[in-house]
Amino acid sequence: MEARAIHKYARISPRKVKIVMDLIRNQDAEKAMAILKFTPKSACEYLEKLLHSAMANAEMKNMDMARLYVAECLVCPGPILKRIRPKDHGRAHRILKRTSHMTIVLKEREI
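The shown structure was predicted, so the numbers you read here are calculated from the model rather than taken from an experiment. (Residues numbered from 1 in each chain as written. Predicted model: local features only at pLDDT ≥ 70, side-chain atom pairs only at ≥ 80, totals over all residues. Heavy atoms only, no water.)

### Digging into the overall build of the protein chain
The number of helices and strands found in the protein chain is 3 helices and 5 strands. Tracing the protein chain from N to C terminus, the helices and strands come up as β-α-α-α-β-β-β-β. For 111 residues, the compact-globule estimate of 2.2 N^0.38 gives 13 Å, and the protein chain exceeds it by more than 25% at 17 Å. By its C-alpha atoms, the protein chain is 65 × 25 × 15 Å across when sized along the principal axes. By residue count, 34% of the 111 residues in the protein chain fall in the buried class. In the protein chain, 73% of the contacts between residues at least 6 apart in sequence involve partners at least 24 apart. Working note: accessible area of the protein chain is about 7,400 Å², and carbon and sulfur atoms make up 52% of it. (Helix = DSSP H or I, 4+ residues; strand = E, 2+ residues; numbered from the N terminus. Rg over C-alpha atoms; globule rule 2.2 N^0.38 Å. Buried < 20%, exposed > 50% of the residue type's maximum accessible area, 1.4 Å probe, protein only. Contact = heavy atoms within 4.5 Å. Areas by Shrake-Rupley, 256 points an atom, 1.4 Å probe, with all protein chains shown as cover.)

Next comes the structure, spelled out in structure tokens:
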């Protein structure tokens, strides 16, 4: 049995999210929440809410909250918002505002 939470179209680069996801992969759910709370990265704000949602989903499925761990966490690139920045001599440079699709899967640890 597993509990899953997905956040799509988050306005943060997948590269930044992957750094934090590597920290919480295969950790207990409570320990992962503590890691996210005290890590000074911008992706932690998104992932903390996502982990909280996955834990709530697990509670609705009557899973044992003490044995939950982060079984899978992955990030995929979403659509890219393309913007133009004016430069010298009438030129224009493109700015890519990247988005992410994040998924966290919680499972019960075997005793």
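From this point, the discussion proceeds with the structure in view.
### Things to note about the packing of helix 1 (residues 14-24) against helix 2 (residues 29-38)
The geometry of helix 1 relative to helix 2 is characterised by a closest axis approach of 9 Å and an angle of 140 degrees between their N-to-C directions. By the angle between their directions, the pair helix 1 and helix 2 is classed as oblique. As helix 1 runs across helix 2, the sense of the crossing is right-handed. Residues V20, L23 and I24 of helix 1 pack against A32, I35 and L36 of helix 2. (Axes fitted to C-alpha atoms, helices over the stretch in contact; angles between N-to-C directions. Parallel < 35°, antiparallel > 145°, perpendicular 65-115°, else oblique. Left-handed = near helix turned anticlockwise from the far one by under 90°.)

### Considering unusual backbone geometry
Located in the positive-phi region is N26, a residue other than glycine, with phi close to 65 degrees. By relative accessible area, N26 is classed as partly exposed at 47%. Phi at H89 takes a positive value of approximately 60 degrees, unusual for a residue other than glycine. Note on placement: H89 falls in the loop between strand 3 (81-86) and strand 4 (92-97).

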